[in-house]
Amino acid sequence: MKKKLNDNQINESLSNLSISWKLDDGFLKKHFKFKSFDNAIQFINIVSEKCNEIDHHPKWTNIYNTIEVELNTHDINGISILDFELSEFMNMAYSKIENN
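Residues numbered from 1 in each chain as written. Predicted model: local features only at pLDDT ≥ 70, side-chain atom pairs only at ≥ 80, totals over all residues. Heavy atoms only, no water.

## Brief notes about the overall build of the chain
The cut-off we apply is this: Every helix listed is a DSSP run of H or I at least four residues long, and every strand listed is a run of E at least two residues long, numbered separately from the N terminus. In this description the radius of gyration comes from C-alpha coordinates, and the expected globular size is given by 2.2 Å times residues to the power 0.38. Think of it in three bands: residues with accessible area under 20% of the maximum for their type are buried, residues over 50% are exposed, and the middle band is partly exposed, with areas taken using a 1.4 Å probe on protein chains only. Every residue pair with non-hydrogen atoms within 4.5 Å of one another is taken to be in contact. Using a 1.4 Å probe, accessible areas were evaluated by the Shrake-Rupley method; residue-level cover was limited to the displayed protein chains. Under the convention used here, Asp and Glu are negative, Lys and Arg are positive, and both His and the chain ends fall outside the count. Every charge is mapped onto a representative atom, which is NZ of Lys, CZ of Arg, CG of Asp or CD of Glu.
Scanning the chain from N- to C-terminus turns up three helices and four strands. For the chain, the sequential pattern of α-helices and β-strands runs α-β-β-α-β-β-α. By the compact-globule yardstick of 13 Å for 100 residues, the chain fits well, its C-alpha radius of gyration being 13 Å. Here the C-alpha coordinates of the chain stretch approximately 35 × 25 × 20 Å along the principal axes. A burial count over the chain gives 43% of its 100 residues as buried. Relative to all contacts within the chain whose residues are 6 or more apart in sequence, the contacts with residues 24 or more apart total 69%. Total accessible area computed for the chain in this model is approximately 6,100 Å², and 48% of it derives from carbon and sulfur atoms. Of the charged side chains in the chain, 11 are positive and 15 negative, and the gap between their average positions amounts to 3 Å.

## A short note on the packing of aromatic side chains
Basically, it comes down to this: The pairing test for Phe, Tyr and Trp rings, Trp by its six-membered ring, is centres within 6.5 Å, and the orientation test on the planes gives stacked under 30 degrees, edge-to-face over 60, and tilted for anything in between. Put simply, a charge is over a ring when the Lys NZ or the Arg CZ is close to the ring centre, within 6 Å, and near the line of the ring normal, within 35 degrees.
Overall, the coordinates contain seven aromatic pairs when judged by the stated rule. For the pair phenylalanine 37 and tyrosine 64, a centre-to-centre distance of 6.4 Å together with 10 degrees between the ring planes defines the contact as stacked. One end of the pair, phenylalanine 37, is in helix α2 (residues 37-54); the other, tyrosine 64, is in the loop between β3 (59-63) and β4 (66-71), with 27 residues separating them in the sequence. On the basis of relative accessible area, phenylalanine 37 is assigned to the partly exposed category, the value being 36%. Of the aromatic side chains, those joined through ring pairs into one cluster are Trp21, Phe32, Phe34, Phe43 and Tyr94. Against the face of phenylalanine 32 rests lysine 30, its NZ or CZ located 5.8 Å from the ring centre.

## As for the nonpolar core
In plain terms, the rule: Here, nonpolar core means buried Ala, Val, Leu, Ile, Met, Phe, Trp, Tyr and Cys residues that are tied together by side-chain atoms lying within 4.5 Å of each other.
In terms of nonpolar packing, the biggest core is built from 24 residues, with Trp21, Phe43, Phe84 and Met90 touching the most fellow members. Of all elements in the fold, only α1 (7-16), β2 (27-33), α2, β4 and α3 (81-98) reach the threshold of two or more residues within this core. Apart from residues no more than four positions distant in its own chain, phenylalanine 43 is found in contact with Phe32, Phe34, Trp60, Ile67, Met90, Ala93, Tyr94 and Ile97.

The structure is reproduced here in C-alpha cells:
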C-alpha cells in the first residue's frame, strides 16, 4: 500500500534530489527546459515507460521545448515515495538527454 509521507519526510526527500523540485499546493513541481522540441518529446517517451513500469503517472504539459510536471499520489491525496522515485528518474533522464 502507498503511504503518505509527512512534512519532514517530504522535506528530507526534496533535499536529496539531484536536481531541485519544489513543493507547491500538495504537488512536487518542476519545469524542464530542453534544447529542442525533439529532446522534450524524447524525455516524455523515456519517462512514460517508467510511469507504466511503476504504475504512477504525472500531470504534465509540453509547450515546444518546455515540460511542466506536477507529481502527487492521487489515491492517497498526498506525496508518496513513488513521487520521489519518479522525480529522480525524470532528473536522470533530463540530464542524460541534455548532456548528449
